[in-house]
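Summary of the model geometry
Each chain, letter by letter, is given below.
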Amino acid sequence: MDVIEVVEQRWAMFHRWGPVALLTVATLVASASADVVGTTGGKRYAAAGLVVAAYVLETWWMRASRRGPAPSRASAGYYVLRWALAFTLTWLNTFFAFYAIIGYFYVDRLLPQRLRKAGLFASAVTVAGSQAGGLPPHDHVAWAMFGAILAVNVMLLALFAHLAGLEDARARVQAETIAELGRTNVALQQALDENAALHAQLLVQAREAGVADERRRLAAEIHDTLAQGLTGIIAQLHVVAGTPDGTVAREHVDRALGLARHSLGEARRSVHNLAPVALDGNGLPEALKRTVAEWGERTGARADFTVTGTAEHLHDEVAATLLRITEEALSNAARHAGAFRVGVTLSFMGDEVVLDIRDDGHGFDPLDVPARTRAGGFGLDGMRARAQRIAGTLTVESEPGHGTAVSARVPLVRHDR
């Protein structure tokens, strides 16, 4: 049970039993002081009858008030009768003002709005008469004292009424604030529920996007390993099939076997971690030098490799990405460009690594690149996707008849071991 409920229960108990309790106190005090204040025998009998009438009135109201606490004609009549009894009893003995005081606490519950000030004033007259020494005042001085005391009582009532109004306004504002906080909490809970649902949806989408990205990456790895190796084997076997020279045929068969073994090694390596075999135990410069040299031997074209800047041991993902881009560019130069010379440059430039592959092949119009077919490779789109995966960029410059230049620029991320 909170504090508000306790206070409401105490006020309900006071409103129910307060009039009877104060009437009892006033009767006992008035009876004990009857001789002191000079109450005659007739006044005593009159007071006794009025006290009985007051008890009857309070008993009746305790039963009638259960119908509802709102002001009504019955409640207004009860207030008037009680005030009349309290006023008369106070006239007979000033100590009955204890009973008259109850009128201050019941104005809002018993009287309509238009009669509340009159009810408070009537109760103030009774109390002020008791404080002035009894009713009616006996002389001009007593009347003046009664008027002054009544004025003080009225001013105090006005002050208390003003403070009560402010307290009611504060309570209304507090209730409205609590209600608004309740609505805000409900809206916040709804927003949290929606956010949880959205978060779950985003997790599903992220998982699906991760699966799709991993599929693309695996497809690119397979293309860069098995597809390119098989392409080289087919090219070597085509030469064998078209030449009558046994020595030349044997040389190309050996190359085809070498490519097959290389592709097999790449496939096995891809199963483990999809890292290029050329990088196994080597840094990127050594792997690129070896890859460029082997490509030149297979194609018969001049292939040069150059390193500029201070070489550093790159992160495996960065090194693998640049190596795959180089392999794809060299494959394109052999299959599509008809290049006789290729230059590969790896530049370490502060916080970036730049890879440039240039050839003197046929070239092409970058704006007129055919869409990738199911039988084709990943080509430029694959190389660009690889660079973007590690926050890099890839640019292609080419012109029909003037060769092609591919440049990949990626962040320099050092090896984490």
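Refer to the structure printed above.
All of the points below concern the structure found in this document. Values in this document were obtained by computation on a predicted structure and should not be read as measured data.

We now examine helix H1 (residues 3-32). Helix geometry: H1 is bent most strongly at Trp-17, by close to 50 degrees, with proline Pro-19 lying one to four residues after it. Along H1, the positions that sit buried rather than exposed are His-15, Gly-18, Pro-19, Val-20, Leu-23, Ala-26, Thr-27 and Ala-30. Taken together, the buried residues of H1 touch helix H2 (34-37), helix H3 (41-64), helix H4 (73-92), helix H5 (97-100) and helix H6 (107-110).

The next thing to look at is the side chain of Ser-347. With respect to the helices and strands, Ser-347 occurs in strand S2 (residues 341-349). Taking relative accessible area as the criterion, Ser-347 reaches 9% and is therefore assigned buried. Of the polar contacts made by the side chain of Ser-347, one reaches the side chain of Thr-308; its length is 2.7 Å. Not counting residues up to four positions away in its chain, the partners in contact with Ser-347 are Thr-308, Glu-352, Val-353 and Val-354.

A few words on the packing of aromatic side chains. Tallied over the full model, the rule gives 7 aromatic pairs. Ring plane angle 75 degrees and centroid distance 5.3 Å describe the contact between Phe-14 and Phe-105, whose orientation is recorded as edge-to-face. Of the two residues, Phe-14 sits in helix H1 while Phe-105 sits in the loop between H5 and H6, which places them 91 residues apart along the sequence. The exposure class of Phe-105 is partly exposed, given its relative accessible area of 38%. Centroid distance Trp-61 to Tyr-78: 4.6 Å. Interplanar angle 10 degrees. Geometry classified as stacked. Here the residue Trp-61 occupies a position in helix H3, and Tyr-78 occupies one in helix H4, the gap between them amounting to 17 residues. Classification of Tyr-78 by relative accessible area gives buried; the value is 0%. These aromatic residues form a ring-pair network of at least three members: Trp-11, Phe-14 and Phe-105. Over the face of the ring belonging to Tyr-106 we find Arg-82, whose NZ or CZ atom lies 4.5 Å from the ring centre.

Here Ala-76 shows up in helix H4. Assessed through its relative accessible area of 14%, Ala-76 is described here as buried. For the pair Ala-76 and Pro-112, spaced 36 residues apart in sequence, the C-alpha to C-alpha distance is 7.7 Å. Setting aside its immediate chain neighbours within four residues, Ala-76 contacts Leu-110 and Leu-111.

Moving on: the pairing of S2. Two elements, strand S1 (residues 302-308) and S2, share 7 bridges in a ladder whose sense is parallel. If you follow Thr-308 over to S2, its bridge partner there is Ser-347. For the crossover that starts at S1, traverses helix H11 (residues 316-337) and ends in the parallel S2, the hand is left-handed. Here S2 hands over to strand S3 (residues 352-359) after 2 residues, with Gly-350 in that stretch at a positive phi of 70 degrees.

The amide bond that connects Leu-135 to the next residue, Pro-136, takes the cis arrangement and shows omega of -10 degrees. Structurally, the position occupied by Pro-136 is in the loop between helix H7 (116-131) and helix H8 (140-242).

Here Arg-409 shows up in strand S5 (residues 404-411). Look at Arg-409 and you get partly exposed, because its relative accessible area is 36%. The spacing of Arg-409 and Val-354 is 55 residues in sequence and 4.5 Å in space, taken between C-alpha atoms. For Arg-409, the contacting residues outside a window of four places in its chain are Glu-352, Val-353, Val-354, Gly-392 and Thr-393. A polar side-chain atom of Arg-409 sits 2.9 Å from a polar atom in the side chain of Glu-352.

What follows covers the packing of H1 against H3. Packing of H1 against H3 brings their axes to within 9 Å, and their N-to-C directions diverge by 170 degrees. The angle between H1 and H3 places the two elements in the roughly antiparallel class. Taken together, the residues of H3 that come into contact with H1 (itself represented by Arg-16, Trp-17, Pro-19, Val-20, Leu-23, Thr-24 and Thr-27) are Val-51, Ala-54, Tyr-55, Glu-58 and Met-62.

What follows covers the side chain of Asn-332. By the secondary structure assignment, Asn-332 is in helix H11. Judged by relative accessible area, which is 16%, Asn-332 ranks as buried.

Calculation criteria
- Residues numbered from 1 in each chain as written.
- Predicted model: local features only at pLDDT ≥ 70, side-chain atom pairs only at ≥ 80, totals over all residues.
- Heavy atoms only, no water.
- Bend = angle between axes of the 7 residues up to and from the residue.
- Helix = DSSP H or I, 4+ residues; strand = E, 2+ residues; numbered from the N terminus.
- Buried < 20%, exposed > 50% of the residue type's maximum accessible area, 1.4 Å probe, protein only.
- Contact = heavy atoms within 4.5 Å.
- Polar contact = N/O pair within 3.5 Å; in protein donor to acceptor, adjacent residues only side chain to side chain.
- Phe/Tyr/Trp six-rings, centres within 6.5 Å; stacked < 30°, edge-to-face > 60°.
- Lys NZ or Arg CZ within 6 Å of the ring centre and 35° of its normal.
- Pairing = 2+ DSSP bridges.
- Right-handed = clockwise from strand over helix to strand, strands pointing away.
- Axes fitted to C-alpha atoms, helices over the stretch in contact; angles between N-to-C directions.
- Parallel < 35°, antiparallel > 145°, perpendicular 65-115°, else oblique.

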